[in-house]
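Summary of the model geometry
One-letter residues, chain by chain:
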There are 2 protein chains.
Amino acid sequence: MKPVTLKDIAETLGISITTVSKALKGYPDVSKKTRALVKELAKTLNYKPNAFAVNLRTEESKTIGLIIPEIVHHFFSSVIKGIISQAEKKGYLVIILQSNESYELEKKQLDLLLSKRVDGILISLANGTADFKHLVEVIEQGKPLVMFDKIAKIVKCSKVIIDDRKAAYTATQHLIDTGCKRIAHFRGPLLPQNAIDRFLGYKKALLDNNMVYDPSLVYLFEDMTFEVGEMFAKKIMDEHTDVDGIFVNTDLVAIGAITEFNRQGVKIPEDISIVGFSNWFMSSAITPSLTTINQPGFEMGKKAFKQLYKEMKAKKNKKEVIPKIIELETVLVKRNSTK
Amino acid sequence: MKPVTLKDIAETLGISITTVSKALKGYPDVSKKTRALVKELAKTLNYKPNAFAVNLRTEESKTIGLIIPEIVHHFFSSVIKGIISQAEKKGYLVIILQSNESYELEKKQLDLLLSKRVDGILISLANGTADFKHLVEVIEQGKPLVMFDKIAKIVKCSKVIIDDRKAAYTATQHLIDTGCKRIAHFRGPLLPQNAIDRFLGYKKALLDNNMVYDPSLVYLFEDMTFEVGEMFAKKIMDEHTDVDGIFVNTDLVAIGAITEFNRQGVKIPEDISIVGFSNWFMSSAITPSLTTINQPGFEMGKKAFKQLYKEMKAKKNKKEVIPKIIELETVLVKRNSTK
DNA sequence: GATTTTACCGAAAACGTTTTCGATTTTGTA
DNA sequence: TACAAAATCGAAAACGTTTTCGGTAAAATC
């Protein structure tokens, strides 16, 4: 019933715990004969080292924490998948917490992970997070931390991101290049950096092309849902019939808008061109298929873990780490929602 | 730099480690004065119990393992969210592993969780899993295990499921009730129990209504993708022009089919009625909106954790647990893809 | 004032592992 | 044979906590 321990093996073999431990870990100062004996018995007894004891002794758990705003979300679940896949390769397990876009929860969860003594932390910030003290504390404590996607620029730690501003610029420029004269923007919430950057990219593209930036053409949503897209599409038809292009912060909302435009007989891209963001798999499925910016979630997860891994290793070897900004490439995927 | 320990507090206060520990844990045999003193110092020093030591001593980690076939999947990520939300309430953390629908990986991961000594395990089986020895071993070891959604009926443990057969029966019956005479089925892979059950429910509904069951109307897919739906829709138009209803194993495939039918001018539901499965949020967004079976993922996750929690508590109190089958309600959500 | 009760505290063992360092045995060399 | 070198082993400490059990001091009882 009780799990077998080193002691059990040592006793039945008539040797010391030390030797058993060394034999199993391949230390050189144990003879081939006893090593073989130990390993064999360990296997037949199905010995598994007590992780709790190992953790206590080695002060590491081979476990990392991950805090993410929302799990039920195609982009984020892709990131999670990337993180887990990479972590598994390196023998790390990952504990996932969901902040639900709440700053308070995020703070509490960070604390929880710290008290569980995970070896490192990966985090994507909640929309509600405007204060970063909790993050700074983690770093000051010397615990490896890397942020991804939704980051805080001020905080001194490694980050894996895309250039949201550039990508948004590219998206908007594409609308301009294909003849759009009056371009609206469905933007994300106020606080998160990537919504800000995408908005800024949109604005800059307009100005660089000598087009007027009209704030009334910017529609801000808090929850990104299909229905928001439908609603904003209706608003556009009501309030701004002259709009002939829309850059949307995220595919799901863009698809909602397309659906509504389809319903109302607005022709895409003839009447209105639309560019989304993230290249969700449904964007190639919808009719017309959606031109969008590819946001490599899986890749981002992989890179984020890899960077964290480096920093955990560095910490173990008592080496200094200099924070690194890793920027992933985004590409414009041209489909049928633009000319 | 180093985290503060009970010893640190004890020394600065000039008392024993024992007393500090007891004070913090609210033992009655420590005076109010010292208790207050200890608690205050602990707070100012930001003392956090070393989880590794606690785990070792108490033989529990307040951590559970979760093995899931695929994370990037709306239903499963909803389940994950349900599990995590419930676990957090009870002070449990969850380690997530992804089997990628591979039996080999699933086995390895189960072993990994066991060696990490999680307090309990939640699992949804991979499509490739046909042998259940690895699961039986977990149970024989006395480690609480509950399966959800994709289960093995033979294995003696608690399970949280829906009645796939009944739900499929309801879906098919609805097609029949609305006048469909020749009903096809896009079914899931060969092995997983829920694909089998849904197929059986479909078949039984046909037979109960004195309709012929025609195996050539059953299209089996391995990967559930949008494209599979498109492809099968084409096949139906080629091979079985008389089909006027389809029960599809999963919404995504159904939506692929709808898209293709739309493209080809096949009218839904006039020419062909379609019922999906799972009530993915896009099924209310597509045109026409998809009639489907609601599969409560979040709820399933919650229930699965709750059951596991009961079993973990029972184990702690050395009480026997009798495996429980928890069946969640499914409802037919009528929309516009059926008459 | 003597005795019992209660309140409070701490020593020590235990959880299972890793690792250092010294001890012993074996082998090699002269 | 004597000695050095190499090979092999084990005792013991340490990681930080929890908990049992015994002990002392204070309070209560007579």
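Residues numbered from 1 in each chain as written. Chains lettered and ligands numbered in written order. Predicted model: local features only at pLDDT ≥ 70, side-chain atom pairs only at ≥ 80, totals over all residues. Heavy atoms only, no water.

Points about the packing of helix H6 (residues 103–115) of chain B against helix H7 (residues 133–140) of chain B
Residue and element names in this part refer to chain B. Interaxial distance between H6 and H7 falls to 10 Å at its minimum, and their mutual angle equals 15°. Here H6 is positioned roughly parallel relative to H7, judged by the angle of their axes. Handedness of the H6/H7 crossing: left-handed. On H7, the residues touching Tyr103, Glu106, Lys107, Leu110 and Leu114 of H6 are His134, Leu135 and Val138. Classifying every residue of the contact of H6 with H7 gives 5 nonpolar, 1 polar and 2 charged. (Axes fitted to C-alpha atoms, helices over the stretch in contact; angles between N-to-C directions. Helix = DSSP H or I, 4+ residues; strand = E, 2+ residues; numbered from the N terminus. Parallel < 35°, antiparallel > 145°, perpendicular 65-115°, else oblique. Left-handed = near helix turned anticlockwise from the far one by under 90°. Contact = heavy atoms within 4.5 Å. Nonpolar A, V, L, I, M, F, W, Y, C, P; charged D, E, K, R; others polar.)

As for the domain arrangement of chain A
Per the domain assignment, the segments of chain A are domain 1 (6–49), domain 2 (59–161 + 298–329) and domain 3 (164–294). Measuring from the centre of the C-alpha atoms in domain 1 of chain A to the corresponding centre in domain 2 of chain A gives 37 Å. (Domains from an automatic or database assignment.)

Thoughts on the protein's contact with DNA strand D
Taken together, 24 residues lie around DNA strand D, and Thr19 and Lys22 of chain A together with Leu6, Tyr47 and Arg57 of chain B are the ones closest in. Note that a base nitrogen of DNA strand D is positioned 3.0 Å from one of the side-chain N or O atoms of threonine 18 of chain A. Elements with a contribution of two residues or more to the surface near DNA strand D: helix H2 (17–25) and helix H4 (51–58) of chain A together with helix H2 (17–25) and helix H4 (51–58) of chain B. Looking at the surface near DNA strand D, the element that brings in the most residues is H2 of chain B, giving 4 residues. In the surface near DNA strand D, the residues fall into 9 nonpolar, 9 polar and 6 charged. (Near = heavy atom within 4 Å. Polar contact = N/O pair within 3.5 Å; in protein donor to acceptor, adjacent residues only side chain to side chain.)

A word on the protein's contact with DNA strand C
Near DNA strand C there are 25 residues, and of these Leu6, Tyr27, Tyr47 and Arg57 of chain A together with Lys22 of chain B occur at the shortest range. Restricting attention to atoms of DNA strand C within 4 Å of the protein, one finds that 57% of them are sugar or phosphate atoms. Residue threonine 18 of chain A places a side-chain N or O atom 3.5 Å away from a base oxygen belonging to DNA strand C. Here a phosphate oxygen of DNA strand C and a backbone polar atom of serine 31 of chain B are 2.9 Å apart. Listing elements by their share of the surface near DNA strand C, those giving two or more residues are H2 and H4 of chain A together with H2 and H4 of chain B. Sorting elements by how many residues they give to the surface near DNA strand C places H2 of chain A first, with 5 residues.

A short note on the side chain of lysine 48 of chain A
Checked against the element boundaries, lysine 48 of chain A lands in the loop between helix H3 (32–44) and H4. Excluding its chain neighbours within four sequence positions, the residues that come into contact with lysine 48 of chain A are Val4 of chain A together with Asp111, Leu114, Ser115 and Arg117 of chain B.

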